[in-house]
Amino acid sequence: MSSSAKNVRPGTSEPLDAIDERLLAALVADARISNKQLAELVGIAPSTALMRTRALSERGIIEGFEAKLSLSAIGRSVQALIAVRLRAHDREQIDRFTARVPKLPAVLSTFHTSGSVDYLLHIAVATTEDLRDWVLDNLATDPVVGHTETTLVFDHIQGNHGPLP
């Protein structure tokens, strides 16, 4: 079985072929690449590149395109990971927490996890005082939160965002 035949999205029967994989790799490297440049890079016609990229979006493989901001340039240079344990594990409390917390302005990512913590939050704020206030205002006063543990992030090193080899 080829490596591309293994890359099947759950719920779909269409495997990613070599062209799909090259398109995805190019888009991960530069999501702002023009369709003409994308086609040239992959070695296909621009109309084919456009149709294939649309199909990858329609299949749910490409979930979207986004701008990546410099947190320090926008005044949010203090990053933290906050481990959160809920007091109880009933569906209502989990749903309420999951609906509320990711929408808070400082939250970059929310991970609902297993193990000793229920959630891991990645947040960015301007100062350590803002971090303290954010935890107090948004977590310590929330009746469903039983415990939090905050870890400062010194550096966020991005991993691979595209198809795995």
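This text follows the structure it describes.
Procedures and definitions
Residues numbered from 1 in each chain as written. Predicted model: local features only at pLDDT ≥ 70, side-chain atom pairs only at ≥ 80, totals over all residues. Heavy atoms only, no water. Buried < 20%, exposed > 50% of the residue type's maximum accessible area, 1.4 Å probe, protein only. Helix = DSSP H or I, 4+ residues; strand = E, 2+ residues; numbered from the N terminus. Pairing = 2+ DSSP bridges. Phe/Tyr/Trp six-rings, centres within 6.5 Å; stacked < 30°, edge-to-face > 60°. Axes fitted to C-alpha atoms, helices over the stretch in contact; angles between N-to-C directions. Contact = heavy atoms within 4.5 Å.

## So, the pairing of strand β1 (residues 78-86)
The element β1 is extensively covered by neighbouring structure, given that seven of its nine residues are classed as buried. Sheet analysis places β1 next to strand β3 (residues 119-125), joined by seven bridges and oriented antiparallel. Within β3, the residue paired with Ala80 across the bridge is Ile123. Two strands pair when backbone bridges link them, and β1 and strand β4 (residues 145-153) are joined in this way by eight bridges, in the antiparallel orientation. Bridge pairing in β4 links Ala80 to Leu152.

## What about the packing of aromatic side chains?
Going through the model one piece at a time under the given rule, you end up with one aromatic pair. Each ring, one from Phe97 and one from Tyr119, has its centre 4.5 Å from the other, and the planes form 45°; the classification is tilted. On the criterion of sequence distance, the pair formed by Phe97 in helix α5 (residues 91-100) and Tyr119 in strand β3 is long-range, its members being 22 residues apart. Each member of the pair, Phe97 together with Tyr119, is buried.

## Focus: the sheet that holds β1
Spatially, four strands are ordered β2-β3-β1-β4 in an open sheet, and the strand pairing comes out antiparallel. Two strands in the sheet have a free side with no partner beyond their single neighbour: β2 (107-112) and β4. Neighbour to neighbour, the strand axes of the sheet diverge by 20° on average, direction disregarded. Here helix α6 (residues 128-140) sits on the sheet and contacts β1, β2, β3 and β4; the angle it forms with β1, its principal contact strand, is near 20°.

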